[in-house]
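Structure assessment
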Amino acid sequence: MATLILEDSTVMYGRSFGAQGDVFGEIVFNTSMAGYQEIITDPSYANQIIVMTYPEIGNYGINNDDFESLNPALKAFVVKEYCKNESHYKSEKTLGEYLKEKNVVGIEGTDTRTLTKKIREAGTMNCFVTSRDLSEDEIKQKIEETKNYKPDPDVVFSVTTKEAYTKGEGNPIKLAFIDYGAKYGIVKSLVKRGCEVKVYPANVNAQSILEGDFDAVFLSNGPGDPKDCISEIETIKNLTGKLPIFGICLGYQLLAIVSGAKTYKLKYGHRGGNHPVINLETNKVMMSSQNHGYAVDIESLSELMTPTYKNLNDNTLEGFKIDSLKIHAVQFHPEAAPGPDDAAVIFDEWIELMKKYQKVRA
């Protein structure tokens, strides 16, 4: 028996299929029908407990090609039904085996439909998950501890790379990439399009980048509240106007703050591979992959900022640019792992801009 407790005193039960242990985190849900391996290894889920809305998870196992990071950063994984007998030619192990190997608590048999509806109505909440059964006294104690749980404000530093490294050596576009909890898919997409990507830890200082003879700077996705990223914001301020800057997800939010806009927490976030966004310049709609709990307040944009994308589900801002400062950023994930590849064209557009900026700089 496994137990899940929410800060509103809700108690739900299930069966353990991952590692043994007790964990606290923020509970969120993801609506993707496939791609659980990429979701589990997305560093943006650090300190979170993920509920999958699709009823059966684990049917194609775990392979060696679809990881988005070396180690998962989530706290626990909650599913309706765990498929114990995976079937796929690339599978190397079952999902349960992987979770045990990486010390991630997994629960199956929970009523994920009810759980998701509760999150949608009440918003994201603190949550406690354990792989064991609890006594009534333990449940009362854990309810109080769950109410008082505080996430780590410096969570970015737990998922960033510890040392700088380079991918795509010799490629013509030289890109400084600041890793706030980056997915492998973003770096791969840039290398594939002709970038030599030097990946820096989140605590890199602006001077190190400015001395590196780069054509542009790229700011990655990552976990947590963007307003907590004090030193990261200061670094971006010192880079703005000196090099072209591109950003995704947390990188987009940090660029917005630096540019004078405000961010706020969404009630239950956007997490899934089926979010429609509209290009405000072309009026074309694309399906996008998303994973974020914060948004940029469109009403707070400075005069320099031009909105570029909007979410059609709730009209939240999903992109902006500042032509005069060579800044371009989107909230969603063009690398789409998992999800549709509609937005991959954004990488192509950004690469063309980088080439244009190269010529101007030369």
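Look above for the structure.
Scoring rules and cut-offs
- Residues numbered from 1 in each chain as written.
- Predicted model: local features only at pLDDT ≥ 70, side-chain atom pairs only at ≥ 80, totals over all residues.
- Heavy atoms only, no water.
- Axes fitted to C-alpha atoms, helices over the stretch in contact; angles between N-to-C directions.
- Helix = DSSP H or I, 4+ residues; strand = E, 2+ residues; numbered from the N terminus.
- Parallel < 35°, antiparallel > 145°, perpendicular 65-115°, else oblique.
- Left-handed = near helix turned anticlockwise from the far one by under 90°.
- Contact = heavy atoms within 4.5 Å.
- Nonpolar A, V, L, I, M, F, W, Y, C, P; charged D, E, K, R; others polar.
- Buried < 20%, exposed > 50% of the residue type's maximum accessible area, 1.4 Å probe, protein only.
- Disulfide = S-S within 2.5 Å.
- Pairing = 2+ DSSP bridges.

The next point concerns the packing of helix 8 (residues 230–239) against helix 9 (residues 250–258). Here helix 8 crosses helix 9 at 65 degrees, and the two axes come no closer than 9 Å. One element, helix 8, and the other, helix 9, form an angle in the roughly perpendicular class. The two elements helix 8 and helix 9 meet at a crossing, and its hand is right-handed. Contacts between helix 8 and helix 9 involve Glu-232, Ile-233, Ile-236 and Lys-237 on the former and, on the latter, Leu-254, Leu-255, Ile-257 and Val-258. Of the residues belonging to the contact of helix 8 with helix 9, the class tally is 6 nonpolar, no polar and 2 charged.

Moving on to unusual backbone geometry. Residues Ala-337 and Pro-338 are joined by a peptide bond in cis, for which omega reads 0 degrees. With respect to the helices, strands and loops of the structure, Pro-338 is situated in the loop between strand 19 (327–330) and helix 10 (345–361). The residue Asn-47 is not glycine, and still its phi comes out positive at about 70 degrees. Among the structural elements, Asn-47 can be located in the loop between helix 1 (36–40) and strand 4 (48–52). The backbone of Cys-249 sits at a positive phi, close to 60 degrees, despite the residue not being glycine. With respect to the element layout, Cys-249 can be found in the loop between strand 14 (245–248) and helix 9.

With that out of the way, let us pick up the environment of Asp-137. The residue Asp-137 is located in helix 4 (residues 136–147) in this model. According to the relative accessible area criterion, Asp-137 is exposed, its value standing at 59%. Distance in space between the C-alpha atoms of Asp-137 and Leu-4 is 15 Å, their sequence separation being 133 residues.

Looking now at the state of the cysteines. Enumeration according to the criterion identifies 0 disulfides in this entry. Cys-195 takes part in no disulfide bond, and the closest cysteine sulfur, belonging to Cys-249, lies 20 Å away. For Cys-249, which is in no disulfide, the shortest distance to another cysteine sulfur is to Cys-229 and amounts to 11 Å.

Our focus in this paragraph is the sheet that holds strand 18 (residues 317–322). With mixed pairing, the 10 strands of this open sheet are ordered in space as 10-12-11-13-14-19-18-17-15-16. The strands lining the two open edges of the sheet, one partner per strand, are strand 10 (165–167) and strand 16 (285–296). Averaged over all neighbouring strand pairs, the angle between strand axes comes to 25 degrees, with direction disregarded. Pairing of strand 14 with strand 19, which is carried by 4 bridges, proceeds in the parallel orientation. Bridge pairing in strand 19 places Phe-246 opposite His-328. Against the sheet, helix 6 (residues 184–192) touches strand 10, strand 11 (173–178), strand 12 (195–200), strand 13 (216–219) and strand 14, its axis set at about 150 degrees to strand 12.

Once that is clear, we can look at the pairing of strand 8 (residues 105–108). The alternating pattern of strand 8 places Val-105 and Ile-107 on one face and Gly-106 and Glu-108 on the opposite face, and all of these are buried. Judged from the 2 bridges that link them, strand 2 (residues 11–16) and strand 8 form a sheet pairing that is antiparallel. Looking at strand 8, one finds that Ser-16 is bridged to Ile-107. Bridge count between strand 6 (residues 76–78) and strand 8: 3 bridges; the pairing is parallel. The partner of Ala-76 across the bridge, within strand 8, is Val-105.

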